[in-house]
Amino acid sequence: MRRRFRRAAVVVTAGFLGWYLVFVGLAAFARGFMARTVAGHVNVALLLGLLQFVSTFALTWGYLAYARRRLDPLAGELR
């Protein structure tokens, strides 16, 4: 159970941190790209920033589904 939990936690954490570091890197070094207008007053930076929230919720939902499917049955057996 610990191995499954650790593997899932590492994958989710690496995915989130990787995506976050890409966002920060683009904001720091690709200002021209981030300033491109997508629609009206909405630019790439704003869209990517909003996607940070969406990806956080998606990763949380994915982890919860994994935990219900794989970890909770094992914890129930241990009890």
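First, a word on scope: everything that follows refers to the structure included in this document. These numbers come from a predicted model, not from an experiment.

**Here we look at helix α3 (residues 44–78)**
Because an α-helix completes one turn every 3.6 residues, residues spaced three or four positions apart along the sequence face the same direction.
And then number 1: Taking 1.5 Å as the rise per residue, α3 with 35 residues should run 51 Å; its terminal C-alpha atoms sit 48 Å apart, in good agreement.
And then number 2: By the largest-angle criterion, A67 marks the main kink of α3, which is about 40 degrees.
And then number 3: Among the residues of α3, V44, L48, G49, Q52, S55, Y66, A67, L71 and A75 are the ones counted as buried.
And then number 4: Of the surrounding elements, those touching the buried residues of α3 are α1 (2–29), α2 (31–34), β1 (37–39) and β2 (42–43).

**Here we look at a positive patch on the surface**
And then number 1: Together, R3, R7, R69 and R70 make up a region of like positive charge exposed at the surface.
And then number 2: When residues of the positive patch are traced back to their parent elements, those giving at least two are α1 and α3.
And then number 3: If you trace the backbone, R69 turns up in helix α3.
And then number 4: Look at R69 and you get exposed, because its relative accessible area is 52%.

Cut-off values and rules
- Residues numbered from 1 in each chain as written.
- Predicted model: local features only at pLDDT ≥ 70, side-chain atom pairs only at ≥ 80, totals over all residues.
- Heavy atoms only, no water.
- Helix = DSSP H or I, 4+ residues; strand = E, 2+ residues; numbered from the N terminus.
- Expected span 1.5 Å × (residues − 1).
- Bend = angle between axes of the 7 residues up to and from the residue.
- Buried < 20%, exposed > 50% of the residue type's maximum accessible area, 1.4 Å probe, protein only.
- Contact = heavy atoms within 4.5 Å.
- Patch = residues over 30% accessible without salt bridge, like charges linked within 9 Å, V, L, I, M, F, W, Y side chains within 5 Å.
- Areas by Shrake-Rupley, 256 points an atom, 1.4 Å probe, with all protein chains shown as cover.
- Salt bridge = Lys/Arg side-chain N within 4 Å of Asp/Glu carboxyl O.
- Lys, Arg positive; Asp, Glu negative; His and termini not counted.
- Charge placed at Lys NZ, Arg CZ, Asp CG, Glu CD.

Fair warning: the whole summary comes from geometry, so function is off the table for now.
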